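# Close look at the chain arrangement
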Amino acid sequence: METIFAEATPPGRGGVTVVRLSGPMAREALESLAGSLSTPRRSYLRSLRDGQDLIDQALVIWFEQGQSFTGEEVAELHLHGAPVIANRLAQALLVRGLRRAEAGEFTRRAFLNGRIDLAEAEGLADLLSSETEAQRKLAMRTADGELGRKVEALRANLVRAGALVEASIDFADEEVPEDVPLEVFNLLDLVRSEVEAMLRTYPATERLRQGYEVAIIGPPNAGKSTLLNKIGQREIALVSDIAGTTRDILELRADLRGLPVVFLDTAGLRDSADPIETMGVQRAMDRARNADLRIHLSDQGVRMEPFFDGDLIVRSKSDLGTGDGLAISALTGSGIEALLDQVYDKLRVRAANSGLVAHRRQAEALERARSALDIDSSLSPEFLAEAIRQAAQELATMVGRVGAEDYLDEIFSSFCIGK
Ligand SMILES: Nc1nc2c(c(=O)[nH]1)N(C=O)[C@@H](CNc1ccc(C(=O)N[C@@H](CCC(=O)O)C(=O)O)cc1)CN2
Ligand SMILES: Nc1nc2c(ncn2[C@@H]2O[C@H](COP(=O)(O)OP(=O)(O)OP(=O)(O)O)[C@@H](O)[C@H]2O)c(=O)[nH]1
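Residues numbered from 1 in each chain as written. Chains lettered and ligands numbered in written order. Predicted model: local features only at pLDDT ≥ 70, side-chain atom pairs only at ≥ 80, totals over all residues. Heavy atoms only, no water.

### Side note on the site of ligand 1
Selection criterion: By convention in these notes, a residue is near a molecule or strand provided one of its non-hydrogen atoms lies within 4 Å of it. Identification of polar contacts relies on pairs of N or O atoms within 3.5 Å, with a donor-acceptor requirement for protein atoms, meaning one able to donate a hydrogen and the other able to accept it, and with residues adjacent in sequence counted only if both atoms are side-chain atoms. For the accessible areas, the method is Shrake-Rupley and the probe is 1.4 Å, while residue cover comes only from the protein chains on display. Residue classes follow a fixed rule: Ala, Val, Leu, Ile, Met, Phe, Trp, Tyr, Cys and Pro count as nonpolar, while Asp, Glu, Lys and Arg count as charged, and any other residue, Gly among them, counts as polar.
Close to ligand 1 lie R20, R41, F63, G66, Q67, S68, F69, E76, R115 and K419. At 2.7 Å, a side-chain N or O of R20 approaches an oxygen atom of ligand 1. Expressed as a share of its isolated accessible area of 680 Å², the protein-covered part of ligand 1 is 47%. Tallied by class, residues from the shell around ligand 1 come to two nonpolar, three polar and five charged.

In structure tokens form, the structure reads like this:
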């Protein structure tokens, strides 16, 4: 096993740069620079020397194999935060036969050594890319192993049910007819209903993880781009009094009181002779249809196609005249906070329906477990046992106990170098 190293902190100038080493040579490499370090998981202030060259004064720690983040021998150096220092250290480590880590390699090793399960690794990746408080909370629960523990508990129920069925089959061999005990069906009902409950929360959870889309739609010149700019507090979209200014979809990622929201500015909806504008309108319709919520903006306060229940109908340019309903003026800012309050209230209801299953990979494994359990209770014990085995296997796949190989590259490559 090679010993790897990488900066765990972002590149560039900073107060402190943390460099992590993992693998069988971690302690030896550290001690060859910092002198001998008797106690693991204790920090020492040491001069780092490569031969005659004093590299830096640093805090250094080592972790013994089996008691570290990766499960391997690990060392950490907390350097002064100038890139030249980390570069000089890297040179010394390369000479000693270590190599630079690939993206996600520390976490991959933690998984391969059984320190974390696959769901925890996915949770960690989500945690590192979370942008809002709600995303952080969701990711932290998974990273902390909540999903893994829940699935493991369900799998244990299946293992028990399977054992009970096997026992009844063994009796049958001795020609003592034995019914499959009722407990088996109770266990299967329990697992089935829990799996179905988790699957029901999946769409809302996936949306929370990725961010909600809120499409701003309406006729040309309604003020859609002006509203987007107002929400983003910067000039994202072109604004003009020429109808049909926006063609492509513009996105604004925002943190709406902790919820991740992507606001979409779209082409004004109308029939146009201009083929490019018509393509823009088509895109706007498609994207709006798939969005979580639509803000229908028009200076008349009318609703446009496409629409769904609960969409927000908003009158624009309220500074120019009065009327009924929710009204905003992007010019004066009036009504914008009230509009965002309403957007937040609607999305919060969706967020409240979220659970722990946030990735398609996880949902697909659960779906396969559910369909394996979709069995007729009059099935022979042999078939029943096989179905239970299959379902238990799918749950094991979900947390990466077996059959995870295909997913490893996909999951770990989403990490940065050093994680
Ligand atoms: N400096 C530093 N901070 C960090 C990390 C790190 O690697 N280094 N982490 C990295 O992601 C996170 C913390 N996660 C960690 C998880 C396990 C162990 C660890 O050494 N576990 C051993 C020993 C436990 C103990 O001392 O009680 C073990 O579980 O056996 C360390 C960090 C966030 N902060
Ligand atoms: N008085 C007033 N004018 C506004 C307001 N919001 C936008 N406008 C003006 O309305 C015109 C159209 O604004 P845009 O934001 O480009 O409208 P749009 O809906 O994005 O237009 P398209 O790209 O053609 O679909 C511009 O001249 C804006 O300055 C407002 O609240 N009050």
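### Some details on unusual backbone geometry
Defined as follows: Going along the chain from the N terminus, every DSSP run of H or I of four or more residues is numbered as a helix, and every run of E of two or more is numbered as a strand.
A cis amide bond links E305 to the next residue, P306, at an omega of -5°. Relative to the helices and strands, P306 resides in the loop between β10 (293-298) and β11 (312-315). At N221, a position not held by glycine, the phi torsion is positive, near 70°. Backbone geometry places R257, a non-glycine residue, at a positive phi of 50°.

### A few points about the environment of V151
Rules: Any two residues whose heavy atoms approach within 4.5 Å at even a single point are treated as in contact.
Relative to the assigned elements, V151 resides in helix α6 (residues 146-173). Distance from V151 to A396, taken between C-alpha atoms, is 8.0 Å for residues 245 residues apart in sequence. The residues touching V151, leaving out its near neighbours within four places in the chain, are M198, L395, M398 and V399.

### A few points about the confidence of the model for the protein
Heads up, the condition is: The quantity called pLDDT is the predictor's confidence in a given residue, expressed from 0 to 100.
Scored by pLDDT, the protein has a mean of 91; 96% of the residues are at 70 or more. At the level of chain-chain contacts, confidence expressed as ipTM amounts to 0.80, with global pTM at 0.82.

### Comments concerning the sheet that holds strand β6 (residues 99-100)
As a reminder of what qualifies: By definition, two strands form a pair when at least two bridges between them are found by DSSP. Every angle, taken between N-to-C directions, lies between 0 and 180 degrees, and every axis is a line fitted to C-alpha atoms, over only the stretch in contact when it is a helix.
The strand order β3-β4-β5-β2-β1-β6 describes an open sheet built from six strands, whose pairing is mixed. If you trace the sheet from one side to the other, it starts and ends with β3 (44-50) and β6, each paired once. In this sheet, strand β4 (residues 53-63) lies alongside β3 in antiparallel orientation, the contact comprising seven bridges. Note on β4: the bridge partner recorded for S47 is Q57. Strands β2 (16-22), β3, β4 and β5 (74-80) of the sheet are contacted by helix α1 (residues 26-34), whose axis makes an angle of about 80° with β3. The strands that helix α2 (residues 83-95) touches are β1 (4-7), β2, β3, β4, β5 and β6; relative to β4, the one it contacts most, it runs at about 75°.

### Details of helix α4 (residues 118-129)
Let me state the cut-off plainly: The span one expects for a helix is its residue count, reduced by one, times 1.5 Å. Using a 1.4 Å probe on the protein chains alone, a residue whose accessible area is under 20% of its type maximum counts as buried, one over 50% counts as exposed, and one in between counts as partly exposed.
Compared with an ideal rise of 1.5 Å per residue, which puts twelve residues at 16 Å, α4 spans 17 Å between its outermost C-alpha atoms and is within 8% of the ideal. Counting buried positions over the twelve residues of α4 gives nine, a clear majority of the element. By the burial criterion, the buried members of α4 are L118, A119, E120, A121, E122, G123, L124, A125 and D126. One side-chain oxygen at the N-terminal end of α4 lies 3.0 Å from the backbone nitrogen of A119; it belongs to D117.

### Comments concerning the environment of T9
Along the polypeptide, T9 turns up in the loop between β1 and β2. Excluding residues within four positions of it along the chain, T9 makes contact with V16, T17 and V18. Here the side chain of T9 touches V18 through a polar contact of 3.0 Å, landing on its backbone nitrogen.

### Comments concerning the pattern of salt bridges
The condition that has to hold: A pairing counts as a salt bridge when a side-chain nitrogen of Lys or Arg comes within 4 Å of a carboxyl oxygen of Asp or Glu.
Tallying each qualifying case throughout the model produces 37 salt bridges. D53 is the partner of R88 in a salt bridge, and the nearest nitrogen-oxygen pair spans 2.8 Å. Taken together, the residues span a long stretch of sequence, with R88 in helix α2 and D53 in strand β4 at a distance of 35 residues. A salt bridge links D189 to R192; its shortest N-O distance comes to 2.7 Å. With a gap of three residues between them, D189 and R192 both fall in helix α7 (residues 182-210), about one helical turn apart. Judged by its relative accessible area of 42%, D189 falls in the partly exposed class. Overlapping salt bridges, with partners in common, bring together E2, E72, R99, E105 and R109 in one network.

### A few points about the domain arrangement of the protein
This is how it is decided: What fixes the domain bounds is an automatic or database domain assignment. Buried area is calculated as the accessible area (1.4 Å probe) missing from two parts once they are joined, with the contributions of both summed.
When its domains are assigned, the protein resolves into domain 1 (4-115), domain 2 (119-175 + 360-412) and domain 3 (212-352). Relative placement of domain 1 and domain 2: their C-alpha centres are 36 Å apart. Facing the eight residues of domain 1 at the interface are eight residues of domain 2. Between domain 1 and domain 2 lies a buried interface of about 620 Å² when both sides are counted; carbon and sulfur atoms form 68% of it. The largest contributions to the domain 1 side of the interface with domain 2 come from T107, R108 and F111, which together make up 74% of the buried area. Seen at the junction of domain 1 and domain 2, the total is zero residue pairs in polar contact (both at pLDDT 80 or more).

### What about the nonpolar core?
Operational definition: Residues enter a nonpolar core if they are buried and are Ala, Val, Leu, Ile, Met, Phe, Trp, Tyr or Cys, with the set joined through side-chain atoms within 4.5 Å.
Membership of the largest hydrophobic core comes to 34 residues, with the highest contact counts inside it found for L158 and V184. Among the elements of the structure, α6, α7, α11 (360-372) and α12 (381-398) are those that each provide at least two residues to this core. Residues in contact with V184, not counting those within four places in the same chain, are A161, L164, V165, L384 and I388. Ranked by size, the runner-up nonpolar core spans 30 residues in total, among them V261, F263, L312 and L347.

### Notes on the side chain of T397
Mapped onto the elements, T397 comes out in helix α12. Only 2.9 Å separates the side chain of T397 from the backbone oxygen of Q393, close enough to count as a polar contact.

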